Protein chains: 4
Amino acid sequence: MPSSKAEILGKPLEGWRLRLYTIIFEADTRAGRLFDQVLIAVILTSVAVVVADSVHSINLAYHHLFTPAEWFFTLIFTVEYLARLACVRHPWRYVLSFYGVIDLLALLPTYLALLVPEVGALIDVRVLRLLRVFRIFKLTAYVSEYQAIGQALRASRRKIAVFLAAVLMIVLVIGTLMYVVEGPANGFTSIPTSVYWAITTMTTVGFGDITPKTDLGRLIASLMMLLGWGTLAVPTGIVTAEMTYARRAATTTRTCHVCLTEGHMPDARYCRHCGASLPRYEHDGAAQE
Amino acid sequence: MPSSKAEILGKPLEGWRLRLYTIIFEADTRAGRLFDQVLIAVILTSVAVVVADSVHSINLAYHHLFTPAEWFFTLIFTVEYLARLACVRHPWRYVLSFYGVIDLLALLPTYLALLVPEVGALIDVRVLRLLRVFRIFKLTAYVSEYQAIGQALRASRRKIAVFLAAVLMIVLVIGTLMYVVEGPANGFTSIPTSVYWAITTMTTVGFGDITPKTDLGRLIASLMMLLGWGTLAVPTGIVTAEMTYARRAATTTRTCHVCLTEGHMPDARYCRHCGASLPRYEHDGAAQE
Amino acid sequence: MPSSKAEILGKPLEGWRLRLYTIIFEADTRAGRLFDQVLIAVILTSVAVVVADSVHSINLAYHHLFTPAEWFFTLIFTVEYLARLACVRHPWRYVLSFYGVIDLLALLPTYLALLVPEVGALIDVRVLRLLRVFRIFKLTAYVSEYQAIGQALRASRRKIAVFLAAVLMIVLVIGTLMYVVEGPANGFTSIPTSVYWAITTMTTVGFGDITPKTDLGRLIASLMMLLGWGTLAVPTGIVTAEMTYARRAATTTRTCHVCLTEGHMPDARYCRHCGASLPRYEHDGAAQE
Amino acid sequence: MPSSKAEILGKPLEGWRLRLYTIIFEADTRAGRLFDQVLIAVILTSVAVVVADSVHSINLAYHHLFTPAEWFFTLIFTVEYLARLACVRHPWRYVLSFYGVIDLLALLPTYLALLVPEVGALIDVRVLRLLRVFRIFKLTAYVSEYQAIGQALRASRRKIAVFLAAVLMIVLVIGTLMYVVEGPANGFTSIPTSVYWAITTMTTVGFGDITPKTDLGRLIASLMMLLGWGTLAVPTGIVTAEMTYARRAATTTRTCHVCLTEGHMPDARYCRHCGASLPRYEHDGAAQE
């Protein structure tokens, strides 16, 4: 774990900038932790307000409260944004980073509405709500596991890409097959639509908005369902069998009476450690597959 | 495993209280086991009556039988509750414990109906049925595995919380995205509704009460379905691959040059079959990926 | 694997009975294998006929062919049944065994129709079809893995029972909760119906014939979906993480230059086998969790 | 990995044929890699055109562009096909191989349309689109993992066949049972239809186009849902439990009495940290279940 980020960025920060940096970017001090907790609470509350505002009944009743609340949140996020920019050595690096972009998007809707009063007519209010909801990503900075998960994903990216490509090839071909067999009359209006159906079926989601009506179509659908479900069920079953086999075959509790080494294989006649002969006791019957 | 709970609670119980305690809270004696079995039978029967009573046709035909049956059950549970209170050292501790609350809820509906005759008009009979159904939780005391599962869950609670938070962030953002793309005209009437749809899709439940109609919406939905299903399929596949490697690693292809037995453990120094000394060759390096 | 079943049943069979037994019950001889293959073919064909006969269009076109075919199959199965009874030592044991019952059910419909001509009016032809379809179970005798799977299931039956009981408790309580929240107006007409809905949701099937309409109902439904899906996703993720951890932490390829023992833990400074000092090379960086 | 395929096919190729072979079939040279990349791009683009052409609105707008594009692709694939035939030693072997058939199918539609102008009336344009979409399989030659996956599948084919047979038996019998219980009035019009429903339910897809209406039917459906979901949930849970035990077994709680380091491997004789000899105590028996 690196030491103070303040040093990593080059010339050490001094004075008020260093103190501000410690509060905002680090969580070692009491002030730093308090800052983090307050910010998390503000993020969660502001997103909750956006979500509630989208419900028509709540919107009608409380919109007059939500608008000043939104201004309040925007103010806090603006102060936080400017503070971050003020105390890092390379502001532009922060502006272009993932969190910098998220922060900017968090501020954009409200200022747009201020600068361009007719923005509500140009940009759907729903889009503005979406931009505000992106604030939720600011929370990932506070959970270290996500960095670890991110790395694990990057490490396995080729495996995932290969798997995904195989799935896409299958849904493309089976989708097109259903497009031929069922046809537009039964809902399979084009290849993209049929591929959408194939994905809902292979992933076992099964919306039911499009369903096969012909016998041949239902047969193909059945095969696809077994394929998608089997992709999960077969490895799971094999793994369970492996675990059982490994437990039984690898080690028993037999102990060598000379050197006391434990964990000999069920069929061992001599101790693997000292070579002494092992008596044929009643051992944990290992089911040979 | 603790010894008699009677001692843990402080001053040992005596006489009839101790005998009552042994019957009710412990299952070592014949009376204790009989008590447990009778109680389990009563719990199951009383819940079955509540469930059957909710079916309109059965309700019409048998309600006149169910009401006295319900009184009978309530009586038994009251006696049991009072007996428990009578023989523990700290009654209030039991009253406030999980099982104490469940027991009280089990009794509440019938007594409410007695004390407040118009309760049926104040509280929906469906709520009263729900309170009675909570009795089913009394059964968990009889299955030790549930305590173990409870502990395992508590131990992993941070991992689970992190996983859950990630899922919630994803369904919130994708739900809002669909709210923007599809809009209220297509069923995505508010962000909470869209999040509900996103959860049905990511968990592969797929009710179909709300479905995307636009091409872009169906594309986003496809990505979400692959994400939810892939969360299960990819780790399962990786685990299966790991197991295959692990099997190869547990037993190597090392061969004893005397008796030609294969498959010795990596750290074996003597052949398990004939006792001859095994040379330290370059063995089949457990395939490092 | 036991020797000839002929001996296990007591006094050894002789003459034609022994020969018949070898053909029917064992598969070592050429006649025995031929018998098995013919019987499998007949079973599959007879079931296919039953399945096809249930399709209205096929029934109209081919029923005149299916009836004599059904008589042919019944004849073969009767001969087989009588042959089996004739060459085992304890016929009643076979009659009452699993396969004996299946065989009898396979013959029943056709003979019933013969003895009681109005059987079609008494028993739905659909029930007769079901009895005929049970023949498919005769095939399990030919696949040894099913015996192994059956044993594995019997061995884990307590675990499975505990798991099942927990699932049933959850669907009962959540189902009743939805019955209270949504009510009969929204499809949740009784507790059994609500439990049926809860099962479709927790198992992620999601038919969509009943769906929550209220906001609170949809919230509870979301929790249930996450619970059911999470029951699969969380263990899968933990297992993958464990595998990664176990691979990195348990063994590296470091080799002791004195005794050549491999697979030391990443932080080991001394060889676990001979005590010699291990040099601190660039080893496979094991990510400590 | 074999050396140049050119040699494997017998007499070595010479001159221009060898150069052509190196470019087309191998990826070591710069020209070879360029060829591969261009071909992959052409394959993806041609399939994208077929997919887009099936969407009615796009078809109306751009068909006049798609037709010459399709001719262009067919030309490239023809040249590629002829080039492949020209530089392998046994052309017929390639024509009959998997990729040879795919290549031919890729060319067929366009030439059919040329030679038989009324083909659009004889063969549905949808079928022609399907044949063109098969080109996507040409991509599998470029991903080595698919060969590995193919081999793994072939190796486990008996296990998969046994699993599949069991699933088919179950869906056949339960499907027929629902056919009897629910009947044609509720959507279960024939045994094949009921089996289709049983598959959608067991694989947890749950389209909802057919759903049980009777109480008994819903009960059977519930059992089936629990069976299908349980097939995934139970092994996953068992595997997680196993992993937990395995972690405890890999490192024990043995403590070195000199330096107090914990967690030595079960067979360690010397402390990995300070080199002191470890006494052979009764160590934390890896919890045997």
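If you're wondering where the values come from, they're calculated on a predicted model, not measured in any experiment.

The rules behind these values
Residues numbered from 1 in each chain as written. Chains lettered and ligands numbered in written order. Predicted model: local features only at pLDDT ≥ 70, side-chain atom pairs only at ≥ 80, totals over all residues. Heavy atoms only, no water. Helix = DSSP H or I, 4+ residues; strand = E, 2+ residues; numbered from the N terminus. Contact = heavy atoms within 4.5 Å. Areas by Shrake-Rupley, 256 points an atom, 1.4 Å probe, with all protein chains shown as cover. UniProt positions renumbered as here; feature names shortened; annotations may be inferred. Buried area = accessible area lost by both parts, 1.4 Å probe. Salt bridge = Lys/Arg side-chain N within 4 Å of Asp/Glu carboxyl O. Nonpolar A, V, L, I, M, F, W, Y, C, P; charged D, E, K, R; others polar. Core = buried A, V, L, I, M, F, W, Y, C linked by side-chain atoms within 4.5 Å. Buried < 20%, exposed > 50% of the residue type's maximum accessible area, 1.4 Å probe, protein only. Phe/Tyr/Trp six-rings, centres within 6.5 Å; stacked < 30°, edge-to-face > 60°. Arc of directions from axis to C-beta. Expected span 1.5 Å × (residues − 1). Least-squares fit on C-alpha atoms with pLDDT ≥ 70 in both. Axes fitted to C-alpha atoms, helices over the stretch in contact; angles between N-to-C directions. Parallel < 35°, antiparallel > 145°, perpendicular 65-115°, else oblique. Patch = residues over 30% accessible without salt bridge, like charges linked within 9 Å, V, L, I, M, F, W, Y side chains within 5 Å. Lys, Arg positive; Asp, Glu negative; His and termini not counted. Polar contact = N/O pair within 3.5 Å; in protein donor to acceptor, adjacent residues only side chain to side chain.

### Some points on the overall build of chain A
Helix and strand counts for chain A stand at 12 helices and zero strands. Beginning at the N terminus, the succession of helices and strands in chain A can be written as α-α-α-α-α-α-α-α-α-α-α-α. In chain A, of all internal contacts separated by at least 6 residues, the share reaching a separation of at least 24 is 48%. Total accessible area on chain A stands at roughly 14600 Å², and carbon and sulfur atoms take up 67% of it.

### Description of the UniProt feature "transmembrane region" (unreviewed entry) in chain A
Per the UniProt record, "transmembrane region" (unreviewed entry) is found at residues 38-55, 61-82, 94-116, 136-153, 160-181 and 219-239 of chain A. Overall, residues 38-55 of chain A shows 89% helix and 0% strand. The separation of its end C-alpha atoms is 26 Å.

### Here we look at the interface of chain C and chain B
Contact residues are listed per partner, giving 49 residues for chain C and 51 residues for chain B. Buried surface at the junction of chain C and chain B, summed over both partners, amounts to about 4300 Å²; 71% is from carbon and sulfur atoms. Put simply, chain C and chain B have one salt bridge between them. Here Arg218 of chain C makes a salt bridge to Asp209 of chain B, at a shortest N to O gap of 3.9 Å. For the side of chain C that touches chain B, the secondary-structure elements that each account for two or more residues are helix 10 (157-181), helix 11 (191-202) and helix 12 (215-250) of chain C. Tallied by class, the residues present in the side of chain C that touches chain B amount to 29 nonpolar, 14 polar and six charged.

### Some thoughts on the nonpolar core
Core analysis: the largest hydrophobic core is formed by 233 residues, its most contacted members being Trp197 of chain A, Trp197 of chain B, Trp197 of chain C together with Trp197 of chain D. Counting residues per element, this core draws most heavily on helix 10 of chain C, which supplies 10 residues.

### What to know about the packing of aromatic side chains
One pass over the structure, following the stated rule, counts 32 aromatic pairs over all chains. The interplanar angle of 20° and the centroid separation of 6.3 Å between the aromatic rings of Phe207 of chain C and Trp197 of chain D together place this pair among those described as stacked. Here Phe207 of chain C is found in the loop between helix 11 and helix 12, whereas its partner Trp197 of chain D is found in helix 11 (residues 191-202) on a different chain. When sorted by exposure, Phe207 of chain C lands in the same class as Trp197 of chain D, which is buried. Residue class for Trp197 of chain D comes out buried when judged on its relative accessible area of 1%. Every member of this aromatic cluster is reached through a ring pair, and the members are Phe188 and Trp197 of chain A together with Phe207 of chain D.

### A few points about helix 2 (residues 15-25) of chain B
Residues and elements named next belong to chain B. Those residues of helix 2 lying buried are Tyr21, Ile24 and Phe25. Along the axis of helix 2, the buried residues cluster in a sector spanning 75°; they form a single face. Looking at helix 2, the residues exposed on the side facing more than 90 degrees away from the buried face are Gly15, Trp16 and Arg19.

### A word on helix 10 of chain C
Residue and element names in this part refer to chain C. The end-to-end C-alpha distance of helix 10, which contains 25 residues, comes to 36 Å, matching closely the 36 Å that a straight helix rising 1.5 Å per residue would cover. Residues of helix 10 that are buried: Val162, Val167, Met169, Val171, Leu172, Val173, Ile174, Gly175, Thr176, Met178, Tyr179 and Val180. Just downstream of helix 10, Gly183 is the residue with a positive phi angle, here 85°.

### Focus on the relation of the copies chain C and chain B
For the pair chain C and chain B, the superposition axis carries a translation of 0.3 Å, the fit reaches an RMSD of 1.9 Å, and the rotation angle comes to 91°. Such a combination of rotation and displacement between the chain copies is what one expects of a four-fold axis.

### Regarding the pattern of salt bridges
Proximity of charged atoms lets side chains of opposite charge pair with each other. Residues and elements named next belong to chain D. A full pass over the atoms with the stated rule returns eight salt bridges over all chains. In this structure, the salt-bridge partner of Glu80 is Arg84, at a minimum N-O distance of 2.8 Å. Separated by four residues within a single helix, Glu80 and Arg84 lie in helix 4 (residues 56-87), roughly one turn from each other.

### Looking at the side chain of Asp103 of chain B
Structurally, the position occupied by Asp103 of chain B is in helix 6 (residues 98-115). In this structure Asp103 of chain B touches Glu80, Tyr81, Arg84, Tyr94 and Lys138 of chain B, once residues within four positions along its chain are discounted.

### Description of the packing of helix 8 (residues 125-133) of chain C against helix 10 (residues 157-181) of chain D
When two helices pack together, their arrangement is captured by the angle between the axes and the distance separating the axes. With their axes 9 Å apart at the nearest point, helix 8 of chain C and helix 10 of chain D run at an angle of 170° to one another. Classed by the angle they form, the pair helix 8 of chain C and helix 10 of chain D counts as roughly antiparallel. Packed against helix 8 of chain C, whose contacting residues are Arg126, Val127, Arg129, Leu130 and Val133 of chain C, the element helix 10 of chain D presents Leu172, Val173, Thr176, Leu177, Tyr179 and Val180 of chain D at the interface.

### Some words on a nonpolar patch on the surface
Residue and element names in this part refer to chain A. A surface patch of nonpolar side chains, amounting to about 270 Å² of accessible area, comprises Ile58, Tyr62 and Leu65. Positionally, Tyr62 belongs in helix 4 (residues 56-87). Relative accessible area serves as the criterion here: at 42%, Tyr62 is assigned to the partly exposed category.

### Observations concerning the side chain of Glu182 of chain C
Residues and elements named next belong to chain C. Along the chain, Glu182 turns up in the loop between helix 10 and helix 11. Look at Glu182: it is buried, it has no salt bridge, and the nearest opposite charge is Lys213 at 6.1 Å. One polar contact links Glu182 to Asn186, side chain to side chain, over a distance of 2.9 Å.

### Details of unusual backbone geometry
Despite not being glycine, Thr204 of chain A has its phi angle at roughly 60°, a positive value. With respect to the helices, strands and loops of the structure, Thr204 of chain A is situated in the loop between helix 11 (191-202) and helix 12 (215-250).

### Some thoughts on the environment of Leu131 of chain B
All names here are of chain B. Relative to the helices and strands, Leu131 resides in helix 8 (residues 125-133). Judged by relative accessible area, which is 16%, Leu131 ranks as buried. With 81 residues separating them in the primary sequence, Leu131 and Val50 have C-alpha atoms 10.0 Å apart.

### Overview of the packing of helix 2 (residues 15-25) of chain A against helix 3 (residues 30-53) of chain A
All names here are of chain A. For the pair helix 2 and helix 3, the least separation of the axes is 7 Å and the interaxial angle reads 50°. Taken together, the axis directions place helix 2 and helix 3 in an arrangement best described as oblique. Of helix 3, the residues touching helix 2 (which contributes Thr22, Ile23 and Ile24) are Ala31, Gly32, Phe35 and Asp36. Across the contact of helix 2 with helix 3, the residue classes break down as four nonpolar, two polar and one charged.

### Focus: the environment of Phe188 of chain C
Residues and elements named next belong to chain C. Mapped onto the secondary structure, Phe188 falls in the loop between helix 10 and helix 11. Residues Phe188 and Met178, spaced 10 residues apart in sequence, show a C-alpha to C-alpha distance of 7.4 Å. Those residues in contact with Phe188, other than ones at most four positions away along the chain, are Met178, Tyr179, Glu182, Gly183, Ser194, Trp197, Ile210, Thr211 and Pro212.

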